[in-house]
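Okay, here's what each chain looks like letter by letter:
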Number of protein chains: 2
Amino acid sequence: MDSNKSSITLGLIGFGNVGQGVHSIVQTNQGMIQDRLGQAVHIKTICVRNIDKYKGLANGAELTTDVNDIINDPDIDIVVEVIGGETPAYDYITEALKHKKYVVTANKELIAKHKKTFFELAKQNDVDIFFEASVGGGIPIIKSFKVGYSANQIESVYGILNGTTNFILTKLFENKQEFATVLKEAQDLGFAESDPTADVSGLDAAYKIVILTAVALKLNIQIDDVFYEGIDQIQLKDIQYLDELGYRVRLIAKAKRMAEGVFAAVYPTAIPSEHPLSTVRNEFNAIYSTGNMVGESMIYGKGAGSLPTGSAVMSDILDIAFDIYTHHSRRNLETKIDPTSVLGIDQNETQFYVRLSVKDETGALEKITTAFKDANINISNIIQKERLDGHAQVVILTDVVKEKTFNALKATMLDTDVIHAIDAVIRVGL
Amino acid sequence: MDSNKSSITLGLIGFGNVGQGVHSIVQTNQGMIQDRLGQAVHIKTICVRNIDKYKGLANGAELTTDVNDIINDPDIDIVVEVIGGETPAYDYITEALKHKKYVVTANKELIAKHKKTFFELAKQNDVDIFFEASVGGGIPIIKSFKVGYSANQIESVYGILNGTTNFILTKLFENKQEFATVLKEAQDLGFAESDPTADVSGLDAAYKIVILTAVALKLNIQIDDVFYEGIDQIQLKDIQYLDELGYRVRLIAKAKRMAEGVFAAVYPTAIPSEHPLSTVRNEFNAIYSTGNMVGESMIYGKGAGSLPTGSAVMSDILDIAFDIYTHHSRRNLETKIDPTSVLGIDQNETQFYVRLSVKDETGALEKITTAFKDANINISNIIQKERLDGHAQVVILTDVVKEKTFNALKATMLDTDVIHAIDAVIRVGL
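Scoring rules and cut-offs
Residues numbered from 1 in each chain as written. Chains lettered and ligands numbered in written order. Predicted model: local features only at pLDDT ≥ 70, side-chain atom pairs only at ≥ 80, totals over all residues. Heavy atoms only, no water. Salt bridge = Lys/Arg side-chain N within 4 Å of Asp/Glu carboxyl O. Helix = DSSP H or I, 4+ residues; strand = E, 2+ residues; numbered from the N terminus. Buried < 20%, exposed > 50% of the residue type's maximum accessible area, 1.4 Å probe, protein only. Phe/Tyr/Trp six-rings, centres within 6.5 Å; stacked < 30°, edge-to-face > 60°. Lys NZ or Arg CZ within 6 Å of the ring centre and 35° of its normal. Contact = heavy atoms within 4.5 Å. Polar contact = N/O pair within 3.5 Å; in protein donor to acceptor, adjacent residues only side chain to side chain. Nonpolar A, V, L, I, M, F, W, Y, C, P; charged D, E, K, R; others polar. Pairing = 2+ DSSP bridges.

Undergrad: With reference to specific residues and values, describe the pattern of salt bridges.
TA: A complete count under the given rule lists 44 salt bridges over all chains for this structure. Where Arg-355 of chain A meets Asp-238 of chain B, a salt bridge forms, and the shortest distance between an N and an O atom there is 2.4 Å. With Arg-355 of chain A in strand 15 (residues 349–358) and Asp-238 of chain B in helix 12 (residues 236–244), the pair connects residues from two separate chains. As far as the burial class goes, Arg-355 of chain A and Asp-238 of chain B line up, both buried. Three or more residues are tied together by salt bridges with common partners; here these are Lys-44, Asp-73 and Asp-75 of chain A.

Structure representation (structure tokens):
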């Protein structure tokens with residue numbers, strides 16, 4: 001390996017949703033990536049089935065229909081497999097590893113089925129295979145288990161690993177619709193495939209829990225070891241009854257270390273509504289795990305989509321580039337943090353919650369709302385509360401304003417002859 | 001550096017809460033760590049103020065009162081600074097870097113104040129300084145920004161970075177108590193220091209947002225740039241009023257990229273109760289961020305404590321060991337995943353939600369509860385619902401049972417002459 005290369009050169013196999021995401025990130029964040037890495041990242045060649053279809057999109061990269069133009073190219077450092085499915089991706093990855101290329105893949109089926117073969121082949125050839133994008137889209141879950149929790153024995157992993165089914169379950173509950181109606185809507189919005197079987201049946205999540213069982217629990221299981229049951233039998237009525245009991249229904253993929261071995265399964269699960277996994281809505285994914293030192297953790301983010309998945313693929317590429325092609329792992333933090341202008345609290349923009357003690361007289365509310373209006377602050381909500389210490393209490397929620405604007409009003413608020421005291425001011429919203 | 005060392009040798013400066021956590025992890029997870037790393041990790045020397053106090057705890061490590069016994073020892077690869085505070089830790093870290101030692105620290109104040117100096121000194125000496133434990137305890141947040149989201153421009157970071165104040169805010173709301181009462185309880189439980197000023201005032205979180213601004217936004221700000229306001233003025237009444245409006249109050253540390261620069265602040269913030277940060281209860285921490293490719297993400301876990309913080313320190317040590325002392329970053333995944341016994345779904349243990357259509361006759365509920373009792377399944381909750389299609393509907397929530405036990409009952413349930421149909425079965429709980 002040349003550890004002083006001036007750029008990291010990629011070959012992409014596949015140029016669909018994820019491949020175009022990677023391409024777009026390389027274009028958009030090129031300067032930033034080069035700053036961080038100390039090297040440019042460059043897509044040299046993209047292998048597609050139909051060159052004409054992608055001609056307008058490649059932006060300087062060479063299009064080819066022959067995968068050997070990538071695998072045999074000595075310029076290419078990292079082969080990025082983003083076609084998905086078992087065939088012919090299996091052969092492409094195998095060949096790339098044999099040609100001593102580092103491989104980055106988003107292919108959950110292939111990693112779930114052939115991880116051992118790939119790991120051994122990579123080792124024999126003194127390279128490696130990275131697959132952050134195969135589980136949880138943009139969520140850095142593989143890296144968290146490989147590095148962040150590396151000093152732990154992970155006892156259990158519970159994941160919401162399929163965005164389509166989580167979107168459907170969220171809508172069932174929030175819109176009070178039945179499964180078939182919501183599935184149609186999800187398909188129209190692009191959150192479900194025209195053939196949604198792999199998602200809805202739980203198979204997609206089952207592949208992913210096989211991968212997490214290897215990465216988190218360090219145990220080797222096969223897809224046939226995983227019991228899976230989908231969400232197509234879930235009825236609105238039960239989601240509502242479970243809500244009354246304090247539960248939300250999610251499609252949970254789990255892997256748990258037991259005395260007798262490991263238990264891995266995917267099925268619709270009712271979880272307490274105050275559990276962090278219950279707040280995972282729509283197409284988001286999350287992985288909740290327990291480690292023997294770190295205790296409970298959860299990582300949450302976008303589980304699919306061109307750019308989030310591309311972000312995970314790129315993080316693998318940069319990880320390889322940092323560790324393999326540079327002398328050591330120092331990630332140029334010291335050159336990357338820049339001086340900056342800092343805004344004062346006056347420039348903060350936020351909503352405000354204000355609680356006022358108000359004289360109990362006709363027209364008091366009007367005088368207050370006028371004061372806010374004169375200060376150019378819109379009121380989103382104004383509520384009269386029970387009396388306290390001889391005064392009416394009024395709670396106001398403002399729209400977003402500059403802190404300076406609010407403070408100007410606050411300074412003069414007691415000048416109105418109806419406000420007795422400002423009892424509380426709390427900023428609202430992130 | 002010798003890249004074929006048989007073990008990684010540590011020197012600990014400090015042996016309090018975090019230092020003892022590191023020590024305990026090295027003892028408890030030694031075999032697992034050696035499997036993963038391909039090398040043992042060994043604590044050679046621990047520098048303390050009073051040797052007698054720690055004699056019984058060191059377990060083979062050498063105790064010293066002279067920090068030079070660590071800094072000057074050529075055997076020691078990594079110096080772990082866990083005394084906290086600015087003085088004398090600043091001098092110890094500076095000296096260690098000058099002696100070409102890698103440094104791992106949990107010291108938020110020191111990294112917030114002196115990051116630039118340390119990064120430059122590390123670079124001059126061809127080593128590095130790692131500080132995962134300085135923000136968010138066991139949460140791998142520094143690594144996520146450095147590696148997992150490395151292809152993103154991070155636009156904003158919002159963190160619950162102080163466990164003490166989050167514990168107090170949770171209890172205020174859930175136990176309907178005032179600040180002073182809850183603070184006393186937190187102190188009794190060890191979740192708040194006897195002098196809680198740094199936590200309660202927001203200063204602790206302010207140091208941490210300075211660090212995240214560097215690591216996530218790659219911008220260099222100082223502690224004086226951060227507006228901070230604590231939670232001691234928060235009243236129960238306002239937490240309740242905000243709840244009625246659909247908000248939860250959290251002490252949020254934020255850093256946001258703006259057109260004019262960066263805005264960084266810490267203050268009590270009301271956030272919508274369905275926001276993921278709202279579900280962060282008690283002493284837990286969480287960091288919610290937005291990246292220009294990955295979108296929204298959140299990482300959640302234990303923000304303090306001996307073992308969670310020790311877990312973060314150890315992850316830095318292993319990260320250094322993987323990348324620096326081995327030839328490249330392949331983290332022995334292929335040797336680490338083991339074959340395992342796999343349990344079938346029959347062995348699953350879970351609660352069940354069951355919805356039954358029941359004949360509307362006297363004694364029907366009794367017959368059902370008897371059937372569950374005969375099958376050795378405890379009922380946690382049984383609720384009669386409105387009639388549907390001419391049948392009474394009964395919803396049952398069981399205690400945890402083996403799936404096999406439940407299936408045996410399910411197979412015979414329709415034999416009772418009162419159950420017309422099993423309309424739904426959903427597993428409950430993780």
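Having seen it, we continue.
Undergrad: Tell me about the packing of aromatic side chains, residues and numbers included.
TA: Within this structure, the stated rule accounts for 17 aromatic pairs over all chains. Measuring from ring centre to ring centre gives 4.6 Å for Phe-167 of chain B and Phe-191 of chain B, while their planes differ by 35°; the resulting arrangement is tilted. Placement of Phe-167 of chain B in helix 8 (residues 163–175) and of Phe-191 of chain B in the loop between helix 9 (179–188) and helix 10 (197–200) is noted, with a sequence separation of 24 residues between them. Exposure remark for Phe-167 of chain B: the relative accessible area of 2% places this residue in the buried category. One residue, Arg-427 of chain A, lies across the ring of Tyr-267 of chain B, its end atom 4.2 Å from the ring centre.

Undergrad: Give me helix 7 (residues 141–148) of chain B: which residues, what numbers.
TA: The element helix 7 of chain B is largely enclosed, with a buried count of 8 among its 8 residues. Ile-141, Ile-142, Lys-143, Ser-144, Phe-145, Lys-146, Val-147 and Gly-148 of chain B are the residues of helix 7 of chain B that are buried.

Undergrad: Run through the interface of chain B and chain A, naming residues and quoting values.
TA: Facing the 126 residues of chain B at the interface are 126 residues of chain A. Put simply, chain B and chain A have 6 salt bridges between them. Scanning the region where chain B abuts chain A turns up 40 residue pairs in polar contact (both at pLDDT 80 or more). The residue makeup of the side of chain B that touches chain A, split by class, is 62 nonpolar, 32 polar and 32 charged. Pairing geometry for strand 11 (residues 261–272) of chain A and strand 19 (residues 419–428) of chain B, over 2 bridges, is parallel. The residue bridging Thr-269 of chain A from the neighbouring strand is Arg-427 of chain B, located in strand 19 of chain B.

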